[in-house]
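# Inside the fold
The primary structure of each chain is shown beneath.
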Amino acid sequence: MSKTHVSTQINGDSYEFLCNTQQTLLDILRHELDLTGSKEGCSTGDCGACSVMMEDRLVCACLVLGVEANGKEIETIEGLSSGSSLDPLQQKFIDLAALQCGICTPGVLVAAKALLAKNKNPSEEEVRFWLAGNLCRCTGYDKIVRAVLEIAAEARNT
Amino acid sequence: MDYVAPKTAMEASEALVQDGAFALAGGTDLLVKLKTKFISPNIVVDIKQVPKITSIEESMDGWWIGAATPCAEIVEHESLCQDWPGVVEALSLIGSTQIQGRATLGGNLCNASPAADSVPALIAANGTCVISGQTGEREEPIENIVISPGATVLAKGEFILGFKLPKPPSGSGDAYLRLIPRSEMDIAVVGVGTSVSVDKNKKITSIRISLGAIAPTQVILDGLEDIFIGKEPDEDSINKLVSLAESACRPIKDKRGTIEYRTKIAGVLAKRTLNIAYERATNH
Ligand SMILES: Cc1cc2nc3c(=O)[nH]c(=O)nc-3n(C[C@H](O)[C@H](O)[C@H](O)COP(=O)(O)OP(=O)(O)OC[C@H]3O[C@@H](n4cnc5c(N)ncnc54)[C@H](O)[C@@H]3O)c2cc1C
Ligand code: FES
Ligand code: FES
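How each quantity is defined
- Residues numbered from 1 in each chain as written.
- Chains lettered and ligands numbered in written order.
- Predicted model: local features only at pLDDT ≥ 70, side-chain atom pairs only at ≥ 80, totals over all residues.
- Heavy atoms only, no water.
- Helix = DSSP H or I, 4+ residues; strand = E, 2+ residues; numbered from the N terminus.
- Rg over C-alpha atoms; globule rule 2.2 N^0.38 Å.
- Buried < 20%, exposed > 50% of the residue type's maximum accessible area, 1.4 Å probe, protein only.
- Pairing = 2+ DSSP bridges.
- Axes fitted to C-alpha atoms, helices over the stretch in contact; angles between N-to-C directions.
- Left-handed = near helix turned anticlockwise from the far one by under 90°.
- Contact = heavy atoms within 4.5 Å.
- Nonpolar A, V, L, I, M, F, W, Y, C, P; charged D, E, K, R; others polar.
- Expected span 1.5 Å × (residues − 1).
- Domains from an automatic or database assignment.
- Buried area = accessible area lost by both parts, 1.4 Å probe.
- Salt bridge = Lys/Arg side-chain N within 4 Å of Asp/Glu carboxyl O.
- Polar contact = N/O pair within 3.5 Å; in protein donor to acceptor, adjacent residues only side chain to side chain.
- Phe/Tyr/Trp six-rings, centres within 6.5 Å; stacked < 30°, edge-to-face > 60°.
- Lys NZ or Arg CZ within 6 Å of the ring centre and 35° of its normal.
- Near = heavy atom within 4 Å.
- Areas by Shrake-Rupley, 256 points an atom, 1.4 Å probe, with all protein chains shown as cover.
- Parallel < 35°, antiparallel > 145°, perpendicular 65-115°, else oblique.

This next bit is on the overall build of chain B. Along the backbone of chain B there are 11 helices and 14 strands. Taking 2.2 N^0.38 as the reference for a compact globule, 284 residues should give roughly 19 Å; the C-alpha atoms of chain B span a radius of gyration of 19 Å, in line with that estimate. Expressed as lengths along the three principal axes of its C-alpha atoms, the size of chain B is roughly 60 × 45 × 30 Å. When each of the 284 residues of chain B is scored for burial, the buried share is 55%.

Quick look at the sheet that holds strand β7 (residues 136-141) of chain B now. Residues and elements named next belong to chain B. Spatial strand order, β4-β5-β10-β6-β7: five strands in an open sheet with antiparallel pairing. If you trace the sheet from one side to the other, it starts and ends with β4 (56-59) and β7, each paired once. Ignoring which end each strand starts from, the neighbouring axes of this sheet average 20° apart. One ladder, built from four bridges, connects β4 with strand β5 (residues 62-66); its direction is antiparallel. The residue bridging glutamate 58 from the neighbouring strand is tryptophan 63, located in β5.

The subject of this paragraph is the packing of helix α3 (residues 105-118) of chain A against helix α5 (residues 142-157) of chain A. All names here are of chain A. Packing of α3 against α5 brings their axes to within 11 Å, and their N-to-C directions diverge by 35°. For the element pair α3 and α5, the recorded crossing hand is right-handed. Where α3 approaches α5, its residues Val108, Ala112 and Leu116 are matched on the opposing element by Ile144, Val148, Ile151 and Ala152. Classifying every residue of the contact of α3 with α5 gives seven nonpolar, no polar and no charged.

An α-helical segment advances 3.6 residues per turn. Residues three or four places apart therefore align on the same side. When the terminal C-alpha atoms of helix α10 (residues 235-247) of chain B are compared, their 18 Å separation across 13 residues agrees well with the 18 Å that a helix rising 1.5 Å per residue should span. Where α10 of chain B is buried, its residues meet β13 (204-212), α9 (224-228) and α11 (259-282) of chain B.

Residue and element names in this part refer to chain B. Structurally, chain B comprises domain 1 (50-166) and domain 2 (172-282). Contacts between the two partners involve 26 residues from domain 1, matched on the other side by 23 residues from domain 2. When domain 1 packs against domain 2, close to 1,900 Å² is buried across both sides, 56% of that on carbon and sulfur atoms. When the buried area of domain 1 at its contact with domain 2 is split by residue, Pro114, Pro120 and Ala124 rank highest and sum to 26% of it.

What follows covers the interface of chain B and chain A. Counting residues at the interface gives 27 residues for chain B, matched by 30 residues for chain A. With both chains or domains summed, chain B and chain A bury close to 2,200 Å², and 60% of this area falls on carbon and sulfur atoms. Counting across the chain B and chain A interface gives four salt bridges. A salt bridge links glutamate 68 of chain A to lysine 48 of chain B; the nearest nitrogen and oxygen atoms lie 2.7 Å apart. Our count for the contact surface shared by chain B and chain A stands at nine residue pairs in polar contact (both at pLDDT 80 or more).

As a further point, take the sheet that holds strand β1 (residues 2-4) of chain B. Residue and element names in this part refer to chain B. Strand order in this open sheet of three strands is β1-β3-β2, and the pairing throughout is parallel. For this open sheet the edge positions go to β1 and β2 (21-24), each flanked by a neighbour on one side alone. Going from strand to strand, the sheet's axes swing by 25° on average, the running direction of each strand aside. Summarising the sheet, β2 and strand β3 (residues 43-46) pair through four bridges and their orientation is parallel. When the bridges of β3 are listed, alanine 21 appears paired with isoleucine 43.

Here we take up the packing of aromatic side chains. A complete count under the given rule lists zero aromatic pairs over all chains for this structure. Note that lysine 52 of chain B overlies the ring of tryptophan 64 of chain B, its terminal NZ or CZ placed 4.3 Å from the centroid.

Turning to the site of ligand 1, a few remarks are in order. In the region of ligand 1, 33 residues are neighbours, and Ala23, Thr28, Asp29, Thr104 and Asp117 of chain B sit closest. Residues near ligand 1 are shared among chains A and B, making this a multi-chain site. Within the contact set of ligand 1, an oxygen atom lies 3.3 Å away from a backbone nitrogen or oxygen of leucine 93 of chain B. Glycine 95 of chain B is positioned with one of its backbone polar atoms (N or O) 3.2 Å from a nitrogen atom of ligand 1. Alone, ligand 1 offers 980 Å² of accessible surface; in the complex the protein occludes 91% of this. Residue assignment for the shell around ligand 1 shows that the elements contributing at least two residues are β2, α7 (105-110) and β10 (159-166) of chain B. If one sorts the elements of the shell around ligand 1 by residue count, α7 of chain B sits on top with four residues.

Attention now goes to the side chain of glutamine 90 of chain A. Residue and element names in this part refer to chain A. The residue glutamine 90 is located in helix α2 (residues 88-95) in this model. On the basis of relative accessibility, which here comes to 12%, the residue glutamine 90 falls in the buried class. Excluding residues that lie within four positions of it along the chain, glutamine 90 makes contacts with Ile77, Leu80, Ser81 and Leu109.

Next up on the list: the packing of α10 of chain B against α11 of chain B. Each pair of packed helices can be described by the angle between their axes along with the distance between the axes. Residue and element names in this part refer to chain B. Close contact between α10 and α11 brings their axes to 8 Å; oriented N to C, the two are set at 135°. When the interaxial angle is binned, α10 and α11 end up oblique. Pair α10 / α11 crosses with right-handed handedness. Across the interface between the two elements, Ile238, Leu241, Val242, Ala245 and Glu246 of α10 pack against Thr263, Lys264, Ala266, Gly267, Ala270, Lys271, Leu274 and Asn275 of α11.

Quick look at unusual backbone geometry now. In the Ramachandran plot, serine 43 of chain A falls in the positive-phi region, its phi being about 60° despite a non-glycine side chain. For serine 43 of chain A, the location among the structural elements is in the loop between α1 (25-32) and β3 (51-54). Taking relative accessible area as the criterion, serine 43 of chain A reaches 11% and is therefore assigned buried. If you check the backbone angles, alanine 213 of chain B has positive phi at about 70° while not being a glycine. Looking at the element boundaries, alanine 213 of chain B is found in the loop between β13 and β14 (219-220).

This is the structure in structure tokens:
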């Protein structure tokens, strides 16, 4: 099967790859580009573990074809920290124990960052609805929601 | 599987004529079907680069919503939200934030699910869609598109370019409600879209109600004019509406609800959407 040449920007860096048309963006990130931060939970859009930003919109990478990424700007969890210093939201997740096994965490963080970019002062209800597509089997969600609300409050006070 | 992303409507139609061709908009239905091997396309035609297919425009004639505009973008359009709050409510219920970033009205309609959330609201709003094909464009009322679960009237090479909604006259309001077993991320047990207009004296001048998930395709309620035109809604007319909605039901029974439950809910949601739409109309 012939492969399609795709060039894209991921976390500000240029990437070129050859892609067969069946591969999803998530397959490409994880298996071709070794960006394994985005996780595969369901591969059918239900769990949000694969959440990435594409052209500034939150999407499930498992529901995007790799070929569709051509010419697009993608941001993944790998772009969140700068070098070894964590993003304040990541640090807050650790401080509040908002993660246990960690499988859902990259997707939750990407989704929460997208919310905070849009809404500096989300209510608890808004956080819960925004994150409804990010499933977590461990935390019971409460600590996740609290971490997001605390970071939002801290950002407003600085 | 081949992939093409044509830059014109004609090229898209030429690609879609081929055997085993599928249009790709947001992919939130198509990629799930690919993954679960429900379909195995020979060619996927990404229609998102076709002109006008991702634009939202307001004109004297009304609204244009490109068939491949992501729902997240439609929801951000303030004046559209003011004109058609019910339509926007309906499409904003499709999936999670992530799904909203990709899902489109064209995909919601053409996936042809009886439970598609945007469709009853678009029908109630008297929307039409512009279909593009090899011989040019044609316009159809939205209720004419789906013929049975998973099947549409679209001929080979045809696809939906966009939706047209009228400019609502002053004194208009619409609403959409659905019932799902949880508060997010589920498929409608019943969905109801309602649109009404009133005169200066708050008397109803037009009314349109469409129900989803209660029959193989979306249903438009007949006989509403006799009950409501020239009047304010009252207990008697609302009771008649509830019976009308219940008798329109030919639902399936599944884990989300029995036939009796769905039928009962159809009446309840018809009543509630009318109340909301009427309230909006009298404040518009
Ligand atoms: C986790 C999850 C939750 C969901 N929740 C809901 C929900 O709550 N309510 C709901 O209604 N739906 C829901 N859906 C289903 C889906 O998201 C919607 O139906 C969505 O609107 C489909 O749009 P799309 O652009 O992604 O379609 P696609 O997947 O791109 O296409 C769907 C079908 O329509 C065809 N098609 C697409 N665009 C056109 C066009 N312009 N002309 C002709 N044919 C076209 C495709 O060939 C395909 O057969 C959910 C899906 C997922 C994965
Ligand atoms: S892996 Fe993409 S939503 Fe679950
Ligand atoms: S921390 Fe384990 S799934 Fe969320």
